[in-house]
Amino acid sequence: MSQANPSDDRHIDIYRDAIGSAIVSGNGNKVFIYHYQLDRPTQVEAEPSTPHLGANPYRGLAAFQVEDADVYFGREAQVERLWNRLREFQERATQGNPPVRLLPILGASGSGKSSLARAGLLPELARRPLPGYGQPRVVVMTPSSLPLQSLAVVLARIATGDPTPVEKAAEFERVLGRLNDQRQADGLRRIANTLPNIEHSPLVVLIDQFEEVYSLCKAREVQDRFVGTLIDAAAAPEGRVSVVITFRSDFLSETQKHPRLDQIIGSDQCAVVTAMTTEDLHRAIAEPAKQAGHSLDDALIDRLVEQTEGREGALPLLQFALTRIWDGLKQGESPSTTLKAIGGVGGALAGEAQRLYSSLDKVEQDIARRVFVGLVQLGEGTKDTRRRAAVDSLISAKDDAVRVRQVLDLFSAPGARLITLSLEAGKEVAEVTHEALLEQWQQIKEWLDGKRDRIRQQRRIDALAEEWAKQGKKSGYLLQGRQLEDARLFQKRYAETLPLSRDAVEFVRKSLRQRGLRQALVASFLILPLLVVDSYLREEVVKRDYATLRSEDTASKPEAVKALIKGCGNLHSLPLWLVPMGERIFGTCRTLANLSLTKMDLSGANLRAANLRAANLSAAEVGAANLRAADLSATDLSAANLISADLRDADLRAANLRAANLRAANLSAANLRAADLSNADLIGADLRAANLRDADLSAAEVGAANLSYADLSAADLSYTDLSYTNLSVANLSVADLSYTNLSVAEVGVARLCKTKLPPQIKLDPNRDCKALGITP
């Protein structure tokens, strides 16, 4: 309930129930608001220690909500313009020239779009209903990754009065997702026309953070249906639906996918959130404090205005500083003392940054360090400034992309806003929200201290790699000579502290490979005469080894196998046109595909990069063998002994590993999709980042295995022993874990959606469906 004086024409009361809320203005007018979800939890204010000091009237880094209307000042002129724009929509509709009643509110991140719509426009509709209409009903929602579902849920709440209308929401989602006979998305219009009393209580749909349609929803068909149904309803001649969207200006290029929306945003129908004037800022600072029982002195307000005016994205920082000032008043501190202590507008943010950083584990802190260093433009005789960087470039070769995303999300969340994410030319970019953070946060200065030359070298390599990628990865753009040697040494020395991006690592690797090929070509011309003479003899040796594999001479078979794959590891890095020459230089590497090698003893053999596709190695002895990057797809390894084998990056798709002994084997990043691992012994195996999608692990022994980041979606894990197994961040969507032993397993942050869990695991089997983009 508002604390304002009821006689004030700004006064509103907010009544909430399980379905939504109602705004009742000082003159008795009412607007019903239906939320897709509560925008923020209700906070209980501590009792002020200063007499007559009201609750904190400032909102920190969060947007102002409907219930904050009484303390929302400084935007009165823009609120008036928005209200007049909606009135014009209605007036033109009655004059036989109906417009598309869609009002875009456009502005940069941190410009106050959400606050203007929620705490400005919506309460104004209660104070002054649109002419000719009674009490409007307002839908307030953000699109999320499933915009049609979000809209369907809130419409179902209006239609049913039920806070959890599951069946009606599913029905409405189907209606919203269909096209009519004229190929139009008219679902919203048809649903709105069925709402009770719609003739006198129109529907206003406020889509806040509309850019999520493009940033979170990746299905083009869903995007088209959502935008189409909004425009269709807003253009309907009966005038029962108006649409308001808040939209970040850096996403403008995305609207080209939807020409009608693009045309509306490019017209004078669009409202641009302009910067607040000195007078606006003065009111935004002074008036809430007056209402809460403690006026701020003019000198303090002037300092706050000076530190805010003209700085992009500074409004949330101002509110954050004011929140801290008010907290100081409760403790008996003067506003000036608090402002100085926090370092002015933006200074308080450094304390918040340190708090968030300290909440991270060691790996995440390392990621945060690299991210923030990557977002600093190093000064050349001048102070450091913000640097915009593509998010992909902030993910080093040693990082897990999911964890980098989690760190970015933490620092860019609405309650933090330390990092701003946006789109540029279709790529997601990041930047520090305010340069005050670079000046005030000591941690950043420590990260940069003494490392500036190394950071510049890292960026030079990354920039060269980016140019190489932009030019189609042509060999003419690869590194040579001193540049290449410097890059190689840098990568070797600073792989942990300043790791290169994934593209840069590939760039250096291919540059080194090109240098090796040139050296090999020189060598080949020197020994070419010898190779011609030797060719016939080598082919005869190959024929003899193949004959041995097909004979009954089991004792000689292992040596024949080793001879036939000699040099495969070297050949693996050569382009196809150099393979014949490589065979002469490095050995007699040959395929072993489809051969029968059952019960073969290949313990400790170097089979790296060998082609064993569809071979029969059932009951073979392959313990401690090097099978890294080998092709074992569709290979029969049933009952084989693979203890401590190196199977990193191996291709084991559809391989038969039934009852195989894989204890302590290294299977990290191996592709085991659709492999049969039933009854296999995987105790202590390393399966990090392995692809186990659709694999059969039923009744397998997997205790103490490392399955972190593995993809186990749709795998059959029934009756599998996973005790003491590390499943952290594994993808377990659609996996069958019923009747599985998960005692002491690390399952807490594994990804779950449609996952069948044993009864003793008290986790939501659908908790990550939204993040995975799967409908539960």
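Since we're looking at a predicted model, the values are computed, not measured.

Draft legend 1. Seen up close, the side chain of aspartate 646. Residue position: aspartate 646 is located in the loop between α23 (579–586) and α24 (769–772). Overall, the relative accessible area of 15% leaves aspartate 646 in the buried class. Sequence-distant contacts of aspartate 646, defined by excluding residues within four places in its chain, comprise Ala625, Asn626, Leu627, Arg628 and Asn666.

Draft legend 2. Fine view of the packing of aromatic side chains. Evaluation of the coordinates by the stated rule reveals 14 aromatic pairs. Centre to centre, the rings of tyrosine 58 and tryptophan 326 are 6.1 Å apart; their planes meet at 70°, and the pair counts as edge-to-face. Placement of the pair is tyrosine 58 in the loop between β3 (30–35) and α1 (76–94) and tryptophan 326 in helix α11 (residues 315–330), with a sequence separation of 268 residues. Given a relative accessible area of 0%, tryptophan 326 falls into the buried group. Here the aromatic rings of phenylalanine 372 and phenylalanine 411 are separated by 5.0 Å at their centres, their planes lie at 85°, and the arrangement is edge-to-face. With a gap of 39 residues between them, phenylalanine 372 in helix α14 (residues 362–374) and phenylalanine 411 in helix α15 (residues 401–412) connect regions that are remote in the sequence. Exposure class is identical for phenylalanine 372 and phenylalanine 411. Each is buried. Three or more aromatic residues joined by ring pairs form one cluster here, namely Tyr357, Phe372, Phe411, Trp441 and Trp447. The ring centre of tryptophan 83 lies 3.9 Å from the NZ or CZ of arginine 128, which sits over that ring.

Draft legend 3. Local environment of α11. The end-to-end C-alpha distance of α11 is 23 Å, a good match for the 22 Å that 16 residues give at a rise of 1.5 Å each. Taken across its 16 residues, α11 has 13 buried, putting it largely inside the fold. Following α11 by one or two positions, glycine 332 adopts a phi angle in the positive range, close to 85°.

Draft legend 4. Representation of the environment of leucine 216 within the structure. Its place among the elements puts leucine 216 in the loop between α6 (212–215) and α7 (220–235). Spatially, the C-alpha atoms of leucine 216 and serine 145 are 4.6 Å apart, while their sequence positions differ by 71 residues. Here leucine 216 is in contact with Ser144 and Ser145, once residues within four sequence places are set aside.

Calculation criteria
- Residues numbered from 1 in each chain as written.
- Predicted model: local features only at pLDDT ≥ 70, side-chain atom pairs only at ≥ 80, totals over all residues.
- Heavy atoms only, no water.
- Helix = DSSP H or I, 4+ residues; strand = E, 2+ residues; numbered from the N terminus.
- Buried < 20%, exposed > 50% of the residue type's maximum accessible area, 1.4 Å probe, protein only.
- Contact = heavy atoms within 4.5 Å.
- Phe/Tyr/Trp six-rings, centres within 6.5 Å; stacked < 30°, edge-to-face > 60°.
- Lys NZ or Arg CZ within 6 Å of the ring centre and 35° of its normal.
- Expected span 1.5 Å × (residues − 1).

Any link to function would need more than the numbers given here.
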